[in-house]
Amino acid sequence: MKVFRPRLAVMVSGNGSNLQAILDACEHGLLRADVVGVVSSKEGVPAIARAERSKVSVVVVAPVPNETRAAYDLRLLEVVKGFSPDIVVLAGFMRILSNNFLQQFPSQVVNLHPALPGELPGTHSIERAFAESRDNWRTHSGITVHLVPNEGVDTGPVLASEVVPIHAHDTLESFTERMHEREHILLVQTLNDLCQNFVAGQEIDSVS
Ligand code: GAR
């Protein structure tokens, strides 16, 4: 029987440590999938070099001045579709995708959010959680991997989430490091579950 390996397109805007976790997991057989393309919304970010080191195609789709979101998303769509992905992973992609884009990939777009479901949407979620802990009421934050069905910011059906404690002796750096460590593990595990379901579906289709 033919073994299907899901095709992943990973979208990034910055450091790309989660992209690195995905690339490493694919390379070491912990994630049975292939990263077929990386799309960055920014020039010159470390994520690009990470993709290049792994010999993965990378395309920068940076917004141009006065470009509407619709026009930008149309360009983005062309590029992402060109990779024919089975799953599109938003790993620190810091733009809101329009419904026009998302409708092209129904139940295929997965986002990583550095907070518990429904909490701290948008940017600087780790910093905001840490600041709230210093104000003495927040004792933990968390991480979430969810599907992106529409333009809602960091919302959608939850695939996995995990609480991450904030200790009294933490600094922003130590808390951030703990968050990223947990993200790298949860994202890979969740993608692996998705990929296995995807492969099972393909195998059923191929014999029916
Ligand atoms: C991650 O912490 C991810 O959860 C966050 O961006 C960071 C990217 O780090 N995403 C969001 O804040 C989405 N709202 P990385 O570039 O090192 O993978």
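Structure: above.
Below or above, wherever it landed, is the structure these notes cover.

Reading the values: the criteria
Residues numbered from 1 in each chain as written. Predicted model: local features only at pLDDT ≥ 70, side-chain atom pairs only at ≥ 80, totals over all residues. Heavy atoms only, no water. Helix = DSSP H or I, 4+ residues; strand = E, 2+ residues; numbered from the N terminus. Rg over C-alpha atoms; globule rule 2.2 N^0.38 Å. Buried < 20%, exposed > 50% of the residue type's maximum accessible area, 1.4 Å probe, protein only. Contact = heavy atoms within 4.5 Å. Areas by Shrake-Rupley, 256 points an atom, 1.4 Å probe, with all protein chains shown as cover. Lys, Arg positive; Asp, Glu negative; His and termini not counted. Charge placed at Lys NZ, Arg CZ, Asp CG, Glu CD. Near = heavy atom within 4 Å. Polar contact = N/O pair within 3.5 Å; in protein donor to acceptor, adjacent residues only side chain to side chain. Nonpolar A, V, L, I, M, F, W, Y, C, P; charged D, E, K, R; others polar. Salt bridge = Lys/Arg side-chain N within 4 Å of Asp/Glu carboxyl O. Core = buried A, V, L, I, M, F, W, Y, C linked by side-chain atoms within 4.5 Å.

With respect to the overall build of the protein chain
Point 1. Within the protein chain one finds 6 helices and 7 strands.
Point 2. Overall, the protein chain shows an N-to-C arrangement of helices and strands of β-α-β-α-β-α-β-α-β-α-β-β-α.
Point 3. Here the C-alpha radius of gyration of the protein chain, 17 Å, is about what a compact globule of 208 residues would show, namely 17 Å.
Point 4. Each principal axis of the C-alpha atoms in the protein chain carries an extent, and together these give about 55 × 45 × 30 Å.
Point 5. For the protein chain, the proportion of its 208 residues judged to be buried stands at 45%.
Point 6. Residue pairs in contact within the protein chain that sit at least 24 positions apart in sequence constitute 65% of those at least 6 positions apart.
Point 7. Carbon and sulfur atoms provide 54% of the accessible area of the protein chain, an area that totals close to 10,400 Å².
Point 8. Of the side chains in the protein chain, 17 bear a positive and 24 a negative charge, and the two mean positions are spaced by 3 Å.

Examining the site of the ligand
Point 1. The environment of the ligand is formed by 13 residues, the closest being Gly16, Ser17, Asn18, Asp154 and Glu183.
Point 2. Separating an oxygen atom of the ligand from a backbone N or O atom of Gly16 is a distance of 2.7 Å.
Point 3. Contact between the ligand and Gly122: a nitrogen atom at 3.2 Å from a main-chain N or O atom of the residue.
Point 4. Only helix H1 (17-27), strand S5 (109-113) and helix H6 (172-207) provide two or more residues apiece to the shell around the ligand.
Point 5. Here the shell around the ligand is composed, by residue class, of 3 nonpolar, 8 polar and 2 charged.

Section: the pattern of salt bridges
Point 1. According to the stated counting rule, one finds 7 salt bridges in the structure shown.
Point 2. Measuring nitrogen to oxygen at the nearest pair gives 3.1 Å for the salt bridge that ties Arg5 to Asp34. Remark: Asp34 occurs in strand S2 (residues 34-40) and Arg5 occurs in the segment before strand S1 (7-12); sequence separation between them is 29 residues.
Point 3. Of the residues examined, Arg5 reaches a relative accessible area of 36% and is grouped as partly exposed.
Point 4. Residue class for Asp34 comes out partly exposed when judged on its relative accessible area of 32%.
Point 5. Between Glu119 and Arg138 there is a salt bridge; the shortest N-O distance is 3.0 Å. Here the residue Glu119 occupies a position in the loop between S5 and helix H5 (125-134), and Arg138 occupies one in the loop between H5 and strand S6 (140-147), the gap between them amounting to 19 residues.
Point 6. For Glu119, a relative accessible area of 27% corresponds to the partly exposed category.
Point 7. By relative accessible area, which is 9% here, Arg138 ends up buried.
Point 8. Among the ionic contacts, a cluster of salt bridges with common partners joins Glu119, Glu132 and Arg138.

Looking at unusual backbone geometry
Point 1. Phi is positive for Leu120, which is not a glycine, with a value near 45°.
Point 2. Tracing the chain through its elements places Leu120 in the loop between S5 and H5.
Point 3. Here the phi dihedral of Asp154 falls at roughly 55°; this positive angle occurs in a residue that is not glycine.
Point 4. On the secondary structure map, Asp154 appears in the loop between S6 and strand S7 (158-165).

With respect to the nonpolar core
Point 1. Membership of the largest hydrophobic core comes to 41 residues, with the highest contact counts inside it found for Val10, Ile22, Leu31 and Val35.
Point 2. The element best represented in this core is H6, accounting for 7 residues.
Point 3. Those residues in contact with Val35 that sit more than four places away from it in its chain are Leu8, Val10, Ile22, Leu23, Cys26 and Val56.
Point 4. Counting 19 residues, the second largest nonpolar core, distinct from the first, contains Val36, Phe93, Leu97 and Phe101.

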